[in-house]
Amino acid sequence: MEAQDLRFPADLRPPGSDLAAFCGNPNAARAELNGMLAASPAVSAAILPLNCCEAAEAGVISMQLPTPLLVMWRHQVGQGPAPPVMLDLANLPAGWSVSVLSGCTSLQGGCKPTDRFDSGLTGTLAVAGNFGGYQMSTCLSVAEAGGTPHPVIHSLRLWIPTTSAH
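Residues numbered from 1 in each chain as written. Predicted model: local features only at pLDDT ≥ 70, side-chain atom pairs only at ≥ 80, totals over all residues. Heavy atoms only, no water.

## Points about the packing of aromatic side chains
Test applied: Working definition: a ring pair exists when centres of Phe, Tyr or Trp rings (six-membered ring for Trp) sit within 6.5 Å. Plane angles under 30 degrees give stacked, over 60 give edge-to-face, the rest tilted. Each helix is a run of DSSP H or I of at least 4 residues and each strand a run of E of at least 2, with the numbering of both proceeding from the N terminus. When a residue's accessible area, from a 1.4 Å probe over protein chains only, is under 20% of the maximum for its type it is buried; when over 50% it is exposed; and in between it is partly exposed.
Scanning all chains against the criterion turns up 2 aromatic pairs. Centre to centre, the rings of W73 and W96 are 5.5 Å apart; their planes meet at 40°, and the pair counts as tilted. Placement of the pair is W73 in strand β5 (residues 69-75) and W96 in strand β7 (residues 96-102), with a sequence separation of 23 residues. Taken individually, W73 and W96 each receive the classification buried, so the pair is uniform in this respect. Centroid distance W73 to Y134: 5.0 Å. Interplanar angle 90°. Geometry classified as edge-to-face. With a gap of 61 residues between them, W73 in strand β5 and Y134 in strand β10 (residues 133-143) connect regions that are remote in the sequence. W73 gets classed as buried once you look at its relative accessible area, which sits at 0%. For Y134, a relative accessible area of 1% gives the class buried. Through a chain of ring-to-ring contacts, the aromatic side chains of W73, W96 and Y134 assemble into a single cluster.

Laid out in structure tokens, this is it:
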């Protein structure tokens, strides 16, 4: 697969949000979970072999955070735009879904996530590639809504620069 530059130039970061300043260092991921900052967490990525669609995940783990964090995406082939694509997480096109999970990494088989967001995400996700391998990058934010507390993720900002899943 030919490498593609998926770093987020300033004009593609979510305007008018704190994500524009939080995301962007092409050499280091960042995660801020419930006010705890991990300035350079380790990043991993994996393709998810599903019958229905193309899918992959990217995750971070750090000694500064109490739990691993994962961003998982799925794309129903034939629906919506195909990779390469830059997605607005607050307005996903048909055929796409994105989730944020805590408590597991892609290396842990059978792990049950401790928390999950399937909606309420803001930011962007860039995906390029095909079933043989993907490159992805994300700049996102999510927070629990008043009256609907979450067990682990109360607020999260996450920056994962271009990473590859094979």
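Still to come is the rest of the account.
## Things to note about the state of the cysteines
We count it as follows: When two cysteine sulfur atoms are found within 2.5 Å, that pair is recorded as a disulfide.
Inspection of every chain in the model, using the stated rule, returns 3 disulfides. In this model, C52 is linked to C53 through a disulfide, with the two sulfur atoms separated by 2.4 Å. Disulfide partner of C104: C111, at an S-S distance of 2.0 Å. On the S-S bond that ties C104 to C111, the torsion sits near -85°, and the link is left-handed. Using a relative accessible area of 7% as the deciding quantity, one classes C104 as buried. Along the chain, the cysteines engaged in disulfide bonds are linked according to the scheme 1-6, 2-3, 4-5 when indexed in sequence order.

## Quick look at empty space enclosed by the protein
Threshold: A cavity, in this analysis, means grid points on a 1 Å lattice covering only the protein atoms where a 1.4 Å probe fits yet has no way out; a pocket is instead an open set bounded by protein on both sides within 12 Å along at least five of seven lines, and a residue lines either one if it has an atom within 4 Å of a point. Grid points are joined across faces, edges and corners, and a volume is the space filled by probe spheres set on the points. Ten residue types, Ala, Val, Leu, Ile, Met, Phe, Trp, Tyr, Cys and Pro, are classed as nonpolar, four, Asp, Glu, Lys and Arg, as charged, and the remainder, Gly among them, as polar.
Under the defined criterion, the tally for this structure stands at 1 cavity of 30 Å³ or more. What the largest cavity holds in volume is close to 40 Å³. In terms of lining, the largest cavity is formed by A58, V71, W73, L125, M136, S137, T138 and I160. Only β5 and β10 provide two or more residues apiece to the lining of the largest cavity. Among the residues making up the lining of the largest cavity, the classes are represented as 6 nonpolar, 2 polar and no charged.

## A closer look at the nonpolar core
Soluble globular proteins tend to pack their nonpolar side chains together in the buried interior. What counts is decided by this rule: Nine residue types can take part in a nonpolar core, namely buried Ala, Val, Leu, Ile, Met, Phe, Trp, Tyr and Cys, and a core is a set of them joined through side-chain atoms within 4.5 Å. It only takes one pair of heavy atoms within 4.5 Å for two residues to be counted as in contact.
Grouped together as the largest cluster of nonpolar side chains are 29 residues, with contacts concentrated most on L69, W73, V100, V127, I153, L156 and L158. For this core, the secondary structure elements donating two or more residues are β1 (30-33), β4 (54-61), β5, β6 (85-88), β7, β9 (122-130), β10 and β11 (155-165). When sequence neighbours within four positions are dropped, the list of residues in contact with V100 reads L70, V71, D115, R116, F117, L121, L140, I153 and L156.

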